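Each chain, letter by letter, is given below.
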Amino acid sequence: MNIKNLFSKRNEIIGGHFNELRSKLGMADQNEEAIFSLREEICNACPLKNGNNCNAMKWLNPETLEVIDGPKDGFVRGCGCRLSAKQRSRFSLCPAGFWGGEFDKK
């Protein structure tokens, strides 16, 4: 990973934690919260979800939802992120493509 990507991911993580805190304090933007809530529902139904994390030790076929223990064409690895923060990061993406990009300018 190059340094630019590393800083981009850092900003995503910080943004997610900030929005998580805003939500807990009752200061969240309700339009954003609706999207974050939908992301949470999607993650809750995902077979890679392990507690509050996306299991980085497993690979998922986004089309069939098959889960395997090693890399294979057509499969994506779980990101390993703490989901309650990642789901609230405006610019984060699900590695399987199930959500993300909702806040992109069109």
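Refer to the structure printed above.
Note that the structure is a prediction, hence the values are computed from the model and not measured.

Trainee: Which residues make up the overall build of the protein chain, and what are the values?
Mentor: Looking only at helices and strands, the protein chain has 3 helices and 5 strands in total. The order of α-helices and β-strands along the protein chain, N terminus first, is α-α-β-β-β-β-β-α. In terms of overall dimensions, the protein chain is globule-like: its C-alpha atoms have a radius of gyration of 14 Å, near the 13 Å expected for 106 residues. Oriented by its inertia axes, the alpha-carbon framework of the protein chain measures out at about 40 × 35 × 30 Å. The burial tally for the protein chain puts 31% of its 106 residues in the buried class. Accessible surface computed for the protein chain: about 7,000 Å², of which carbon and sulfur atoms make up 55%.

Trainee: With reference to specific residues and values, describe the state of the cysteines.
Mentor: Overall, the coordinates contain 0 disulfides when judged by the stated rule. Cys46 forms no disulfide, and the closest cysteine sulfur to it belongs to Cys54, at a distance of 6.0 Å. No disulfide involves Cys54; its sulfur sits 3.8 Å from the nearest other cysteine sulfur, which is in Cys79. Judged by its relative accessible area of 10%, Cys54 is buried.

Trainee: Can you tell me about a nonpolar patch on the surface, naming the residues and giving the values?
Mentor: Together, Leu21, Leu25 and Met27 make up an exposed nonpolar region whose accessible area comes to about 330 Å². The topology assignment puts Leu21 in helix H1 (residues 3-24). Classification of Leu21 as partly exposed rests on a relative accessible area of 46%.

Trainee: Talk me through the environment of Cys54; I want residue IDs and the actual numbers.
Mentor: Looking at the element boundaries, Cys54 is found in strand S2 (residues 53-54). Placed 23 residues apart in sequence, Cys54 and Asn31 show a C-alpha to C-alpha distance of 25 Å.

Trainee: So what about the sheet that holds strand S4 (residues 67-68)? Which residues, and what values?
Mentor: Here we have 3 strands laid out as an open sheet, ordered S4-S3-S5, and antiparallel in their pairing. Pairing within the sheet leaves two strands with one partner each, and these edge strands are S4 and strand S5 (76-77). One ladder, built from 2 bridges, connects strand S3 (residues 59-60) with S4; its direction is antiparallel. Residue pairing across strands places Trp59 opposite Ile68, the latter belonging to S4.

About the cut-offs
- Residues numbered from 1 in each chain as written.
- Predicted model: local features only at pLDDT ≥ 70, side-chain atom pairs only at ≥ 80, totals over all residues.
- Heavy atoms only, no water.
- Helix = DSSP H or I, 4+ residues; strand = E, 2+ residues; numbered from the N terminus.
- Rg over C-alpha atoms; globule rule 2.2 N^0.38 Å.
- Buried < 20%, exposed > 50% of the residue type's maximum accessible area, 1.4 Å probe, protein only.
- Areas by Shrake-Rupley, 256 points an atom, 1.4 Å probe, with all protein chains shown as cover.
- Disulfide = S-S within 2.5 Å.
- Patch = residues over 30% accessible without salt bridge, like charges linked within 9 Å, V, L, I, M, F, W, Y side chains within 5 Å.
- Salt bridge = Lys/Arg side-chain N within 4 Å of Asp/Glu carboxyl O.
- Pairing = 2+ DSSP bridges.

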